[in-house]
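Residues per chain are reported as follows:
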Amino acid sequence: MTSKRVFSGVQPTGNLHLGNYLGAIRNFVGLQRDFECIYCVVDLHAVTVWQEPAKLAAQTREVAAAFIAAGIDGEKHIIFNQSQVSAHAELAWLFNCVARVGWLNRMTQFKEKAGSHRENASVGLYVYPNLMAADILAYKATHVPVGEDQKQHLELARDIALKFNHDYGAEFFPVVEPLIFGEATRVMSLRDGTKKMSKSDPSDYSRINVTDGPDEVALKIRRAKTDPEPLPGPDAMVADGKVDPAREAARPEAFNLVHIYAALTDRTVGAVLAEFEGQPFSAFKERLTEVAVGVLGPMGNEMQRLMADPGHVDAVLRKGAERAREIASPVLRATQDVMGFLRP
Ligand code: TRP
């Protein structure tokens, strides 16, 4: 169909929130026009840390529903969950034999996630980037939209593709281009602007969930923490569209709301500050509520409708997996042929 193919994945770890929407899912929607898009719920990645079996299925459906509710078209493009397409796990094994231990030892996300209990981390967590490379290369995807935190994993996928091509003397796998998202990928807690918005924060008022309807969105913004000062002006900006870190650190909750508003309206933070300079937060919150309810309210309603109809979501995943298999199986076979596996 096209030589430009997008692949990306989201882990089904539960409580999808505004940070996941603005940081990833929203960016997937716009790519549908220019690319053939494959969006995957990466359940095999999720189990690199223990997942409650009774919850994994529901969380997988939640991500799929969020894709659909955000406006991804599962008929024109592909939405599926990773474990349904065995080529991912099979190709990941082959890549376990291509990637070097030294490469994986450099992965900062493994170091962060394993922390001081390195010996106790699952082996799956260690080889997680190899599975991610398999996800991408099973479709020979050319473009991969990810947040800043996944850049190093993408470089590893490039290294695997290059080493494979080199070791087997074949121009087999393409070189992957990252599409790194910009503004407002860091959405902070509505209660504490120094902490990231998180699925595991005990206070539901700390985050806007993708399942929140218009009333909940409005209530959470009303309750969001701010400070008594009016909004700063564009003089708070330094180079490259960034806020002066010292000013941001002094008013983290205030700037977080400004970032969220800018992301939801597709404007720069500088433009938002120029418009609202000197206004009280009460007035700004009203505008933010209008915008947030306008974007997130209908999505929350659609999420609730989809979550109540798991049969529909499952059908989208089933059909998506069938079509994904049609692409990934021949790539896996060809890889096996290149490596010399006997298929009598
Ligand atoms: N590791 C990614 C994350 O946590 C998810 C992911 C898995 C992914 N496989 C992928 C992203 C392939 C892009 C392409 O965000």
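Only a predicted model underlies this, so the values are computations on that prediction, with no experimental measurement involved.

## Some thoughts on the environment of S122
- Structurally, the position occupied by S122 is in the loop between α6 (108-114) and α7 (123-126).
- Separated by 85 residues in the primary sequence, S122 and R207 have C-alpha atoms spaced 30 Å apart.
- At 2.8 Å, the side chain of S122 and the backbone oxygen of T48 are in polar contact.

## Quick notes on the side chain of D43
- When you line up the elements, D43 lands in helix α2 (residues 43-46).
- There is no salt bridge for the buried D43, and the closest opposite charge comes from R325, which lies 11 Å off by N-O distance.
- Non-local contacts of D43, meaning those with residues more than four positions away in its chain, are made with P12, T60, N81, Q82 and S83.

## What about the pattern of salt bridges?
- Applying the stated criterion to the full structure yields 19 salt bridges.
- The salt bridge involving D314 is made with R61; its shortest N-O contact spans 2.7 Å. In this pair, D314 sits in helix α15 (residues 310-339) while R61 sits in helix α3 (residues 53-70), placing the two residues 253 residues apart along the sequence.
- What you see here is one network of salt bridges that share partners, running through D204, R207, D212 and K220.

## So, the domain arrangement of the protein
- Under the domain assignment, the protein is made up of domain 1 (5-184 + 310-339) and domain 2 (204-306).
- On a C-alpha basis, the centroid separation for the pair domain 1 and domain 2 is 30 Å.
- The interface of domain 1 with domain 2 comprises 18 residues on the first partner and 21 residues on the second.
- Across the domain 1/domain 2 interface, buried area totals approximately 1,500 Å², and carbon plus sulfur atoms make up 70% of it.

Calculation criteria
Residues numbered from 1 in each chain as written. Predicted model: local features only at pLDDT ≥ 70, side-chain atom pairs only at ≥ 80, totals over all residues. Heavy atoms only, no water. Helix = DSSP H or I, 4+ residues; strand = E, 2+ residues; numbered from the N terminus. Polar contact = N/O pair within 3.5 Å; in protein donor to acceptor, adjacent residues only side chain to side chain. Buried < 20%, exposed > 50% of the residue type's maximum accessible area, 1.4 Å probe, protein only. Lys, Arg positive; Asp, Glu negative; His and termini not counted. Salt bridge = Lys/Arg side-chain N within 4 Å of Asp/Glu carboxyl O. Contact = heavy atoms within 4.5 Å. Domains from an automatic or database assignment. Buried area = accessible area lost by both parts, 1.4 Å probe.

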